[in-house]
Amino acid sequence: MSRSVDQVQRDLDSLTAADFDEWSESADGWERLDRLCAELREMPGVDPDIVAPILLTFLERLDQADLGSPGPVVHLLEALSGYEKHLQQSLQRRPTPLTVWMANRILNASPPDREVWLDFLRAAASNTQLPEATREEARGFLAFQERTGRH
């Protein structure tokens, strides 16, 4: 019997940064996260307007944990139709290394709203309230996008 989105969300909410500690033999967060993302991906008729905010809130909460490069959460988000509006909301709330990485990937495709996405990177790069790792990622992606000048 398949589980509900709420049940999967509870399991996501139970994951902590310690579950992704590469120096801990008992850390099993990566395996659990893979299974949870696979479970969401396989749900029939999954609603991106429900699942995308859950996944983005997860990324915000564990912004300093190594959740992959890009990892199962990003792969699942990018497979959801219409996730971009939720990504923008997340970037306004609390940019993370992975969400600015996702903004950069969108910019690589030269979207018509390119300046909006660049503004998200600029805001993250200059926000002194964010962890340095997030600001550094945003600065690097911003420099890349300005160098390449894709239009």
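Remember, predicted model here, so these are calculated numbers, not experimental data. (Residues numbered from 1 in each chain as written. Predicted model: local features only at pLDDT ≥ 70, side-chain atom pairs only at ≥ 80, totals over all residues. Heavy atoms only, no water.)

**A few points about the overall build of the chain**
Summing up its helical and strand segments, the chain has eight helices and zero strands in all. In the chain, the succession of α and β elements from N to C terminus is α-α-α-α-α-α-α-α. Its C-alpha atoms give the chain a radius of gyration of 16 Å, within 12% of the compact-globule value 15 Å for 151 residues. Along the longest, intermediate and shortest principal axes, the C-alpha atoms of the chain span 50 × 40 × 20 Å. Accessible surface, the chain: about 8200 Å² in total, of which carbon and sulfur atoms supply 50%. Between the centroid of the 16 positive side chains of the chain and the centroid of its 26 negative side chains there is a distance of 4 Å. (Helix = DSSP H or I, 4+ residues; strand = E, 2+ residues; numbered from the N terminus. Rg over C-alpha atoms; globule rule 2.2 N^0.38 Å. Areas by Shrake-Rupley, 256 points an atom, 1.4 Å probe, with all protein chains shown as cover. Lys, Arg positive; Asp, Glu negative; His and termini not counted. Charge placed at Lys NZ, Arg CZ, Asp CG, Glu CD.)

**Considerations on helix α8 (residues 132-148)**
With 17 residues, α8 should reach 24 Å at 1.5 Å per residue; the first-to-last C-alpha distance of 24 Å fits that figure. Where α8 is concerned, the buried positions are Thr 134, Arg 135, Ala 138, Phe 141, Leu 142 and Gln 145. Buried residues along α8 cover an arc of 135 degrees about the axis, so they all sit on one side. For α8, the exposed residues set more than 90 degrees away from the buried face come down to Glu 136 and Arg 147. Tucked inside the fold, the buried residues of α8 contact α6 (97-108) and α7 (114-126). (Expected span 1.5 Å × (residues − 1). Buried < 20%, exposed > 50% of the residue type's maximum accessible area, 1.4 Å probe, protein only. Arc of directions from axis to C-beta. Contact = heavy atoms within 4.5 Å.)

**Considerations on the packing of helix α1 (residues 5-14) against helix α3 (residues 48-61)**
Viewed as axis vectors pointing N to C, α1 and α3 meet at an angle of 5 degrees, and their least axial separation amounts to 11 Å. It follows from the interaxial angle that α1 and α3 lie roughly parallel. Contact residues: α1 offers Val 5, Gln 9, Leu 12 and Asp 13, while α3 offers Ile 50, Val 51, Ile 54, Leu 55, Phe 58 and Arg 61. Across the contact of α1 with α3, the residue classes break down as seven nonpolar, one polar and two charged. (Axes fitted to C-alpha atoms, helices over the stretch in contact; angles between N-to-C directions. Parallel < 35°, antiparallel > 145°, perpendicular 65-115°, else oblique. Nonpolar A, V, L, I, M, F, W, Y, C, P; charged D, E, K, R; others polar.)

**A few points about the layout of surface pockets**
In this structure, the largest pocket occupies an estimated 240 Å³ of space. Taken together, 16 residues form the lining of the largest pocket, with Ala 65, Leu 67, Gly 68, Pro 97 and Leu 98 sitting closest to its centre. Where the lining of the largest pocket is concerned, the elements lending two or more residues are α6 and α8. The element best represented in the lining of the largest pocket is α6, accounting for three residues. Partitioned by chemical class, the residues of the lining of the largest pocket number nine nonpolar, four polar and three charged. (1 Å grid on protein atoms, 1.4 Å probe; cavity = no way out; pocket = protein on both sides within 12 Å on 5 of 7 lines; lining within 4 Å. Points joined across faces, edges and corners; volume = space filled by probe spheres on them.)

**Details of the side chain of Asp 19**
Along the chain, Asp 19 turns up in the loop between α1 and α2 (29-42). Overall, Asp 19 belongs to the buried group, its relative accessible area being 15%. Apart from residues lying up to four places away in sequence, Asp 19 is in contact with Ser 14, Ala 27, Asp 28, Gly 29, Trp 30 and Arg 32.

**Section: the side chain of Asn 104**
Here Asn 104 shows up in helix α6. Here Asn 104 falls in the buried class, since its relative accessible area comes to 6%. Apart from the residues within four sequence positions on either side, Asn 104 is in contact with Phe 141, Phe 144 and Gln 145.

**Regarding the packing of helix α4 (residues 72-79) against α6**
Running from N to C, α4 and α6 point in directions that differ by 40 degrees, and their axes come no closer than 11 Å. On the basis of their axis angle, the class for α4 and α6 is oblique. Handedness of the α4/α6 crossing: right-handed. Residues Val 74, Leu 77 and Glu 78 of α4 lie in contact with α6, whose contacting residues are Leu 98, Trp 101, Met 102 and Arg 105. (Left-handed = near helix turned anticlockwise from the far one by under 90°.)

Read these as layout, nothing more, since geometry by itself doesn't imply function.
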